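For reference, the chains in residue letters:
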Amino acid sequence: MDADAFVDGVRDRNDTALSRLGSSKALYADTAGEMAPAAVLEAAATAEYRAAETFDAWADDEADPTAVDAWAAVADAERDHYETVVGLLDGEHDPGPVPAVQAHLRDLDDTVERAGAFVGRTLVAEASKSQLTGFFVGEADPGTASTFRDLAGDLDGQLDRAGDVLAAVCGDEADEQRAADAADAAVQVAYEEYTERLESMGVNPKPVC
């Protein structure tokens, strides 16, 4: 299968959701309205910590060897990301609740669906990293902005790994469709959480033009 076309398709179908998940409102939702640097870093650290947990669990119960290697490598990368962000918090962090997208991923046990959902989750992470970088640029903190820009750079490699898994486990068009549906579902779960959080705070989740 054409992994690049697969990823582009997920982006195109979920363009509105990903755009909003990469907005400042997404940070507002993640921090419950506390848009201070420490609160933003706390939320970012939680996302990395919970992601590492998810992919460790996937690697432990996965049968396909290509997928085992991919999930283990991603778990290692997420742990490294977590340690990097915690370092910006002076080494102290108490992880918050499991984000909805990670809870969703943990319910999947089919490798084809995991590979697709992983693409969706990674595009969500891409949107988030972009906003984190922009936030710290706005805070006149170029060092922290650069850190998040570097972390975002790792996501290209994660998408490449997803492509390797998809190529290994998608045997026909039906598998590819299941993977695509799983990718879309992962994005939409993240978007629904974003929407629900903002609405609970009395904030319109849609841009005001």
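Quick note: structure is the one above.
Right, let's walk through the structure included here. Only a predicted model underlies this, so the values are computations on that prediction, with no experimental measurement involved. (Residues numbered from 1 in each chain as written. Predicted model: local features only at pLDDT ≥ 70, side-chain atom pairs only at ≥ 80, totals over all residues. Heavy atoms only, no water.)

## Some remarks on the overall build of the protein
Along its length, the protein carries nine helices and zero strands. For the protein, the succession of helices and strands along the chain, N to C, is α-α-α-α-α-α-α-α-α. Taking 17 Å as the expected radius of gyration for a compact globule of 209 residues, we find that the protein reaches 17 Å, a close match to that expectation. Expressed as lengths along the three principal axes of its C-alpha atoms, the size of the protein is roughly 50 × 40 × 25 Å. Considering only residue pairs separated by 6 or more positions, the protein has 80% of its internal contacts joining residues 24 or more positions apart. Element-wise, carbon and sulfur atoms account for 46% of the exposed surface of the protein, whose accessible area totals about 9600 Å². Averaging the coordinates of the 15 positive side-chain charges in the protein and doing the same for the 45 negative ones gives two points 5 Å apart. (Helix = DSSP H or I, 4+ residues; strand = E, 2+ residues; numbered from the N terminus. Rg over C-alpha atoms; globule rule 2.2 N^0.38 Å. Contact = heavy atoms within 4.5 Å. Areas by Shrake-Rupley, 256 points an atom, 1.4 Å probe, with all protein chains shown as cover. Lys, Arg positive; Asp, Glu negative; His and termini not counted. Charge placed at Lys NZ, Arg CZ, Asp CG, Glu CD.)

## Description of the nonpolar core
The biggest cluster of nonpolar side chains holds 44 residues, and the ones touching the most others in it are Phe6, Phe55, Trp71 and Val119. Ignoring any residue separated from it by four or fewer positions in sequence, one finds valine 119 in contact with Phe6, Val7, Val10, Leu159, Ala162 and Leu166. Counting residues in each nonpolar core, the second largest holds 15 residues, with Val40, Leu132, Phe135 and Ala145 among its members. (Core = buried A, V, L, I, M, F, W, Y, C linked by side-chain atoms within 4.5 Å. Buried < 20%, exposed > 50% of the residue type's maximum accessible area, 1.4 Å probe, protein only.)

## Some points on a nonpolar patch on the surface
Taken together, Tyr28, Met35 and Met201 make up a surface patch of nonpolar side chains, about 220 Å² in accessible area. Mapping methionine 35 onto the fold places it in the loop between α3 (24-30) and α4 (37-61). Residue classification places methionine 35 among the partly exposed residues on the basis of a relative accessible area of 31%. (Patch = residues over 30% accessible without salt bridge, like charges linked within 9 Å, V, L, I, M, F, W, Y side chains within 5 Å. Salt bridge = Lys/Arg side-chain N within 4 Å of Asp/Glu carboxyl O.)

## Looking at the packing of aromatic side chains
Under the defined criterion, the tally for this structure stands at eight aromatic pairs. Seen in terms of ring centroids, phenylalanine 55 and tryptophan 58 are 5.3 Å apart; in terms of plane orientation they differ by 80 degrees. Their pairing is edge-to-face. Of this pair, phenylalanine 55 and tryptophan 58 both sit in helix α4, separated by three residues, roughly a single helical turn. Phenylalanine 55 sits in the buried class, given a relative accessible area of 0%. In this structure tryptophan 58 comes out as buried when scored by relative accessible area, which is 1%. (Phe/Tyr/Trp six-rings, centres within 6.5 Å; stacked < 30°, edge-to-face > 60°.)

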